[in-house]
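# Structure assessment
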Amino acid sequence: MATLSGIALVSSIYLYETYFFTFSEIDREFVQKGPGPVISPTEKYTANAYYEPFGGAAGGVNVWVEITNNIVNDKVQIIYYSDAKSNFAMKWLDTDTLYILNDEPNFPNSNRSIELKVEKEIYHENGLACKSLLMKDDYETCYQD
């Protein structure tokens, strides 16, 4: 009985974490401001990056990019979440396409750079945003590594 209860509990936690994912679990207590604000050519959007250290001295850093829609009630949404690399930058390619450079030059397999249409696309390195039932209406296309 205890084994079945344990299996049910672990399965429930896994299903919840996978299919009911939101970015609300980002640890904002030790957040560091990254590049930004980067304002779109029409000034409709503002992009800001933030760093989230984890794991102490031996840990790493995650990076996420928030887009603020300056026209629609300053609506904020996260469109990018990944492990931070040493070479990180953002630039607008056109009115609604943001290029995010996230690369470690000496390691070719570490490139997490991408172009995103800010109202339609999202990138989550581990794919949790892509599987989330709660977020599926927030984007048309989801990318993962």
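Preceding this section is the structure that the text describes.
Presented here is an overview of the structure given in this document. Predicted model only: the values in this text are computed from it and were never measured.

## Re the layout of surface pockets
Computed from the structure, the largest pocket encloses a volume of approximately 200 Å³. Along its surface, the largest pocket is lined by Thr22, Phe23, Lys75, Gln77, Ile78, Glu121, Ile122, Leu134, Met135, Asp138 and Tyr139. Within the residue set of the lining of the largest pocket, elements represented by two or more residues are β5 (75-83) and β9 (121-124). Taken as a whole, the second largest pocket spans an internal volume of roughly 160 Å³. Considering the residues around the second largest pocket, the lining is formed by Glu17, Phe21, Thr22, Phe23, Glu25, Ile26, Glu52, Tyr81, His124, Asn126 and Leu128. A per-class count over the lining of the second largest pocket returns 5 nonpolar, 3 polar and 3 charged.

## Examining empty space enclosed by the protein
The full count for this structure, using the stated rule, is 1 cavity of 30 Å³ or more. In this structure, the largest cavity spans a volume of roughly 40 Å³. Elements represented by at least two residues in the lining of the largest cavity include exactly β4 (60-69) and β5. Of the residues contributing to the lining of the largest cavity, the split by class is 3 nonpolar, 2 polar and 2 charged.

## Some details on a nonpolar patch on the surface
A contiguous nonpolar patch, built from Tyr14, Leu15, Tyr16, Tyr19, Phe20, Leu133 and Leu134 and spanning about 720 Å² of accessible area, is present on the exposed surface. Of note, Tyr19 is situated in helix α1 (residues 2-19). We classify Tyr19 as partly exposed; its relative accessible area is 33%.

## Structural notes on the sheet that holds strand β6 (residues 87-92)
One open sheet holds the 3 strands; their spatial order is β6-β7-β8, and the pairing between them is antiparallel. The sheet is open, and its two edges are formed by β6 and β8 (114-117), each paired on a single side. Averaged over all adjacent pairs, the angle separating strand axes in this sheet is 20°, with direction ignored. Here 6 bridges tie β6 to strand β7 (residues 97-103), and the two strands are oriented antiparallel to one another. Residue pairing for β7: Ala89 is matched across the bridge by Leu101.

## Considerations on the pairing of β9
Going residue by residue along β9, you find Glu121 and Tyr123 tucked away on one face and Ile122 and His124 tucked away on the opposite face as well. The sheet contact formed by β5 and β9 spans 2 bridges and is parallel. In the strand pairing of β9, Tyr81 is matched with His124. When β9 meets strand β10 (residues 141-143), the two strands line up parallel, connected through 3 bridges. When the bridges of β10 are listed, Ile122 appears paired with Cys142.

## A closer look at the nonpolar core
The nonpolar side chains of a soluble globular protein tend to be buried, and buried together. If you look at the biggest cluster of nonpolar residues, it comprises 19 residues, and the most contacted ones within it are Val65, Ile67, Tyr80, Phe88, Met90 and Leu98. Among the secondary structure elements, those contributing two or more residues to this core are β3 (45-54), β4, β5, β6, β7 and β8. Take this core: its biggest share by element is 4 residues, from β3. The residues touching Met90, leaving out its near neighbours within four places in the chain, are Pro35, Gly36, Val38, Ala47, Asn48, Ala49, Val65, Leu98, Tyr99 and Ile100. With 11 residues, the next largest nonpolar core counts Phe21, Trp64, Ile78 and Ile122 among its residues.

How each quantity is defined
Residues numbered from 1 in each chain as written. Predicted model: local features only at pLDDT ≥ 70, side-chain atom pairs only at ≥ 80, totals over all residues. Heavy atoms only, no water. 1 Å grid on protein atoms, 1.4 Å probe; cavity = no way out; pocket = protein on both sides within 12 Å on 5 of 7 lines; lining within 4 Å. Points joined across faces, edges and corners; volume = space filled by probe spheres on them. Helix = DSSP H or I, 4+ residues; strand = E, 2+ residues; numbered from the N terminus. Nonpolar A, V, L, I, M, F, W, Y, C, P; charged D, E, K, R; others polar. Patch = residues over 30% accessible without salt bridge, like charges linked within 9 Å, V, L, I, M, F, W, Y side chains within 5 Å. Areas by Shrake-Rupley, 256 points an atom, 1.4 Å probe, with all protein chains shown as cover. Salt bridge = Lys/Arg side-chain N within 4 Å of Asp/Glu carboxyl O. Buried < 20%, exposed > 50% of the residue type's maximum accessible area, 1.4 Å probe, protein only. Pairing = 2+ DSSP bridges. Axes fitted to C-alpha atoms, helices over the stretch in contact; angles between N-to-C directions. Core = buried A, V, L, I, M, F, W, Y, C linked by side-chain atoms within 4.5 Å. Contact = heavy atoms within 4.5 Å.

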